[in-house]
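# Summary of the model geometry
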Amino acid sequence: KDFAGRTAFITGGANGIGLGLARALLAEGCKVAIADIREESIAAALKTLDNQHVMGVPLDVASREAFALAADEVEEALGPVSLVFNNAGVNLFQTIDDSSFDDWDWLLGVNLHGVINGVMTFVPRMKARGQGGHVVNTASMASFLCGPQPGIYTTTKFAVRGMSESLRYSLAPHGIGVSVLCPGLVKSHIYASDEIRPDGLKAGAKPVNTEMVGRLEHVHQFGMEPDVIAARVIEAIRANRFYIFSHPEFRDEMRELFDEIIAEFRDYPEDAGFAQRIGFEKGR
Ligand code: NAI
């Protein structure tokens, strides 16, 4: 795929992985919009990027209306968007049985509805123009592997993976590629998600566990550099690859997971010939 001259829209583009993507796409000659809820981060990002082909757009991805307005603003300024990065995300480090409805609404709003809004806003425009494009949704290794924490986050990331996979098949005939980005630990700001929790969803929040946030801040310093992730994303778009796994240390655990799943397909004698009788070919 040729990147030069294309317009890219990156949600959560002002920090972490999104900012790495912005840098990489600008280096490829794209025009880039970074859409983010943190206006001060947008200002800082524009300063570090220091490039005339980038613009910032304040946006809460959870809002459908705001998303459509942001898309209009960007397309008017930078031309039709054909590279969409649904990347904004927040995390909440607690188990599901320890969570409130406000916790669900917040995480589902950003991590799932944010991606839905990006897809529903841009995909019809891309299809109508008939010039192809690419959508990258940031999920996580947590879209495959999960422990007790963080439960709601994992739920949203599984959903993003499912949605991406379905889109992969429906958009292929339109020349629009889809990838799902599944990173492990990345050097980013995600440990500070509590800072941007909307006031209306704070009633059901537990008091911020500053010790845990401090620990996560420390851990995230050792994460992979966003620029490294971004280079892998560019390579994957170019090759039109669906899965983007950036962290090789998860390979064995993934193999264990799939081995467990395959082993659970048991051979019951009464099933012999069932698939042929119902004319089953493939589940996708
Ligand atoms: P980050 O916190 O550094 O960057 C995320 C950006 O999204 C921030 O600038 C934030 O202001 C923005 N954002 C949050 N809520 C928003 C909203 N409602 N509307 C618009 N912008 C919003 O974190 P990071 O790590 O770069 O996160 C990017 C994506 O990567 C997320 O989807 C996250 O779940 C995913 N991820 C991160 C991993 C990590 O270890 N950091 C690992 C796997 C996935």
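Further up the page is the structure itself.
So, here is what we can say about the structure in this document.

About the thresholds
Residues numbered from 1 in each chain as written. Predicted model: local features only at pLDDT ≥ 70, side-chain atom pairs only at ≥ 80, totals over all residues. Heavy atoms only, no water. Pairing = 2+ DSSP bridges. Helix = DSSP H or I, 4+ residues; strand = E, 2+ residues; numbered from the N terminus. Axes fitted to C-alpha atoms, helices over the stretch in contact; angles between N-to-C directions. Parallel < 35°, antiparallel > 145°, perpendicular 65-115°, else oblique. Left-handed = near helix turned anticlockwise from the far one by under 90°. Contact = heavy atoms within 4.5 Å. Nonpolar A, V, L, I, M, F, W, Y, C, P; charged D, E, K, R; others polar. Near = heavy atom within 4 Å. Polar contact = N/O pair within 3.5 Å; in protein donor to acceptor, adjacent residues only side chain to side chain. Areas by Shrake-Rupley, 256 points an atom, 1.4 Å probe, with all protein chains shown as cover.

Attention now moves to the sheet that holds strand β4 (residues 81-86). If you walk across this open sheet you meet the seven strands as β3-β2-β1-β4-β5-β6-β7, and the pairing is parallel. Each edge of the open sheet is held by one strand with a lone partner, namely β3 (54-58) and β7 (243-245). Within the sheet, the average angular offset between the axes of one strand and its neighbour, ignoring direction, is 20 degrees.

The next thing to look at is the packing of helix α1 (residues 16-27) against helix α7 (residues 226-238). Close contact between α1 and α7 brings their axes to 8 Å; oriented N to C, the two are set at 60 degrees. Put simply, α1 runs oblique to α7. Two packed elements cross with a definite hand, and for α1 against α7 that hand is right-handed. Contacts from G16, I17, G20, L21, R23, A24 and L25 in α1 reach P226, D227, I229, A230, V233 and I234 in α7. Classifying every residue of the contact of α1 with α7 gives nine nonpolar, two polar and two charged.

In the neighbourhood of the ligand, 29 residues make up the surrounding shell, with I17, D36, Y153, S188 and H189 lying closest. Between D60 and the ligand, the recorded distance is 2.9 Å, taken from a side-chain N or O atom to a nitrogen atom. For the ligand, whose accessible area on its own is 820 Å², the fraction buried by protein is 97%. Among the secondary structure elements, those contributing two or more residues to the shell around the ligand are α1 and α5 (151-171).

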